Each structure stands twice: as structure tokens, then as C-alpha cells.
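# Overview (structure and organization)
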Amino acid sequence: LMPVSVREYNAVQNNGIDIEVFPNPTHDNISLLLNLPSASEVQYEIWNVLGHLVHSSSKQFLARGAGTIPIATDALPNGVYMVRVALRSASAAPVY
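Since the model is a prediction, treat every value here as computed from it, not as a measurement. (Residues numbered from 1 in each chain as written. Predicted model: local features only at pLDDT ≥ 70, side-chain atom pairs only at ≥ 80, totals over all residues. Heavy atoms only, no water.)

### A word on the overall build of the protein
Quick note on the threshold: Every helix listed is a DSSP run of H or I at least four residues long, and every strand listed is a run of E at least two residues long, numbered separately from the N terminus. Only protein chains enter the area calculation, which uses a 1.4 Å probe; residues under 20% of their type maximum are buried, those over 50% are exposed, and those in between are partly exposed. The contact criterion used throughout is that any non-hydrogen atoms of two residues lie within 4.5 Å.
In terms of helices and strands, the protein carries one helix and seven strands. Listed N to C, the secondary structure of the protein is α-β-β-β-β-β-β-β in terms of helices and strands. The buried share among the 96 residues of the protein stands at 22%. A separation of at least 24 residues holds for 58% of the contacts in the protein among residues at least 6 apart in sequence.

### Side note on the nonpolar core
To keep things clear, this is the line we draw: Residues enter a nonpolar core if they are buried and are Ala, Val, Leu, Ile, Met, Phe, Trp, Tyr or Cys, with the set joined through side-chain atoms within 4.5 Å.
Formed by Ile 17, Ile 19, Ile 30, Leu 32, Leu 34, Leu 36, Val 42, Tyr 44, Ile 46, Leu 62, Ile 69 and Ile 71, the largest nonpolar core amounts to twelve residues. Of all the secondary structure elements, the ones that give two or more residues to this core are β2 (29-36), β3 (40-48) and β6 (65-72). No other element matches the four residues that β2 contributes to this core.

### Focus: a nonpolar patch on the surface
This is how the line gets drawn: Two distance rules govern patches: like charges are joined within 9 Å, and nonpolar side chains (Val, Leu, Ile, Met, Phe, Trp, Tyr) within 5 Å, applied only to residues with over 30% relative accessible area and no salt bridge. In short, Shrake-Rupley with a 1.4 Å probe defines the accessible areas, and a residue's cover is counted only from the protein chains shown. One speaks of a salt bridge when a side-chain nitrogen belonging to Lys or Arg is within 4 Å of a carboxyl oxygen belonging to Asp or Glu.
A cluster of nonpolar side chains, Val 49, Leu 50, Val 80 and Met 82, forms an exposed patch at the surface whose accessible area comes to about 420 Å². On the secondary structure map, Val 80 appears in the loop between β6 and β7 (81-89).

### Let's talk about unusual backbone geometry
The residue after Phe 22, namely Pro 23, is reached through a cis peptide bond having omega -5°. Assignment of secondary structure puts Pro 23 in the loop between β1 (18-22) and β2. A cis amide bond, omega 5°, links Asn 24 with the succeeding residue Pro 25. Structurally, Pro 25 can be placed in the loop between β1 and β2.

Listed below in C-alpha cells is the structure:
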């Protein structure tokens, strides 16, 4: 295994899309900062270290560029969590 920073992982695994979660550590709220190369439908999930899904967002649309999604964490017990972000490019969305 080779340790990498979050930014290095994002650049390799997320096609250059910057994803930041701050502040860390947090108490009541976190911000999910996304820098998108194109407008996209975004949905996020929060998972605990046991692999349990503890929160899932509804889908929302973010424009190209930097966008921030506030997330309330006051209902979560103290611990370590992972955030999974799913994007669907607006250009790849079917037209009805």
C-alpha cells in the first residue's frame, strides 16, 4: 500500500474533480466543497467505519465550478466517517 493524501487520491480516482470536506474535526456541520469541470447532478452518502450507511442525500444539481454543500452532523455520534460522492454529468443525462 502507498499512502496518498486526499487531494492526490481525488486527482487520480475522481478524474481531476476536487472534493474537500471541512472542517475536520467537526462538531455540528461540515461543508462539502466540489470543484466540477461541468454541471452535474450530485448525491452524497456518509458511511461509518463499520461500513454502515448513516446518511444519504437527495440528488441536487450543481453548476460548473466550485460549489459547496452544507451537511449537518450534529445527529451523528463522535467517530470517523467517509463521504462518498456520486456525480452524473448533465451532458450525460438522458433527454426526455
